[in-house]
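# Report on the structure
Listed below, chain by chain, are the residues.
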Amino acid sequence: MSTGPVSLTSYLRLLQSNRNMRLLWFAQMVSEIGDWLYSVAIYSLLLDLTGSAKSVATAVVLQVLPQFFIAPLSGVLNDRLSRKKIMIFADLARAVIVLGMVAASAWKLVWPIYVLLVLESFMWGFFEPGRSSVIPNITRDKSETLVTNALASTTWSFNLAIGSFIGGVMAVVFGRNTVFVVNSCTFLVSALFLRAMRF
């Protein structure tokens, strides 16, 4: 693959020619869309339970701050253990954690939601470094690595927009619990894509 500006053609060529990258990209797509579905439902649930925007602000902090503390441990584990297994474990753990939100919603208690948010953030903190660090293992040269990283960034932005929109519509039409169940399923699908990778 020649170096140069990253284009749509470069993305398509990469996905067609690199099976591992294609599977990793599918895993990123479904799990990140699920993440944004989940965020919209969580914020809506907290507003309903507390009537306070502070609860949403707390949720945002709890989704970001744990990643800062888990990063050093996550980096060590991803260097010493199978990154593929770590990512699969993180996906499976998040599938269970997100389902816990159904129970928390039924109990109408705020503190279990915060606990589950922290746990889910910890698992994301293990998954994302694994996804980033595995890219050099599945790309053939530096130019392909560049295209892969660009595709991952573009995909994140797309997932933010589409996932938030779908999450809002789904929560209104089908209810928040449906969103939580669907998000749990996205992590299971992501784990299946990762399991199929060979590198």
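What comes next concerns the included structure. Being a predicted model, the structure only gives us computed values, none of them experimental. (Residues numbered from 1 in each chain as written. Predicted model: local features only at pLDDT ≥ 70, side-chain atom pairs only at ≥ 80, totals over all residues. Heavy atoms only, no water.)

Counting 50 residues, the largest nonpolar core has Leu24, Ile42, Met101, Ile113, Leu117, Phe180 and Leu194 as its most contacted members. Sequence-distant contacts of Leu194, defined by excluding residues within four places in its chain, comprise Leu24, Ala27, Lys84, Met87, Ile88, Asp91 and Phe127. (Core = buried A, V, L, I, M, F, W, Y, C linked by side-chain atoms within 4.5 Å. Buried < 20%, exposed > 50% of the residue type's maximum accessible area, 1.4 Å probe, protein only. Contact = heavy atoms within 4.5 Å.)

Before going further, it helps to examine helix α7 (residues 176-195). An α-helix turns once per 3.6 residues; consequently, residues spaced three or four apart project the same way. Over its 20 residues, α7 extends 29 Å from the first C-alpha to the last, a length consistent with the 28 Å expected when each residue adds 1.5 Å. Those residues of α7 not exposed but buried are Val179, Phe180, Asn183, Ser184, Thr186, Phe187, Ser190, Ala191 and Leu194. Buried residues of α7, seen end-on, are gathered within an arc of 150 degrees and therefore sit on one face of the element. Projecting away from the buried face of α7 at angles above 90 degrees are the exposed residues Leu192 and Arg195. Those residues of α7 hidden inside the fold are in contact with α2 (19-50), α4 (83-107), α5 (111-138) and α6 (142-174). (Helix = DSSP H or I, 4+ residues; strand = E, 2+ residues; numbered from the N terminus. Expected span 1.5 Å × (residues − 1). Arc of directions from axis to C-beta.)

Now for the pattern of salt bridges. Opposite charge on two side chains makes pairing possible when the charged atoms of those side chains draw close. Per the stated rule, a full pass over the model turns up 5 salt bridges. For Arg94, the salt bridge identified is with Asp35, shortest N-O distance 4.0 Å. Note that Arg94 is positioned in helix α4 and Asp35 in helix α2, a separation of 59 residues in sequence. For Arg94, a relative accessible area of 0% translates into the label buried. Its salt-bridge partner being Asp91, residue Arg94 comes within 2.7 Å of it at the nearest N-O pair. With a gap of 3 residues between them, Arg94 and Asp91 both fall in helix α4, about one helical turn apart. Like Asp91, Arg94 is buried. (Salt bridge = Lys/Arg side-chain N within 4 Å of Asp/Glu carboxyl O.)

Phi at Lys108 takes a positive value of approximately 55 degrees, unusual for a residue other than glycine. By the secondary structure assignment, Lys108 is in the loop between α4 and α5.

What follows concerns the packing of aromatic side chains. If you walk through the whole model with that rule in mind, you get 4 aromatic pairs. Plain terms: the ring middles of Trp36 and Trp156 are 5.9 Å apart, the flat faces sit at 75 degrees to each other, and that makes the pair edge-to-face. On the criterion of sequence distance, the pair formed by Trp36 in helix α2 and Trp156 in helix α6 is long-range, its members being 120 residues apart. For Trp36, a relative accessible area of 22% gives the class partly exposed. Look at Trp156 and you get partly exposed, because its relative accessible area is 40%. Ring centres 6.3 Å apart and planes at 70 degrees place the aromatic pair Tyr38 and Phe180 in the edge-to-face group. Of this pair, Tyr38 sits in helix α2 while Phe180 is found in helix α7, placing the two residues 142 residues apart along the sequence. Owing to a relative accessible area of 1%, Tyr38 belongs among the buried residues under this scheme. Relative accessible area serves as the criterion here: at 0%, Phe180 is assigned to the buried category. Stacked on the ring of Phe127, the Lys or Arg Arg94 has its end atom at 4.7 Å from the ring centre. (Phe/Tyr/Trp six-rings, centres within 6.5 Å; stacked < 30°, edge-to-face > 60°. Lys NZ or Arg CZ within 6 Å of the ring centre and 35° of its normal.)

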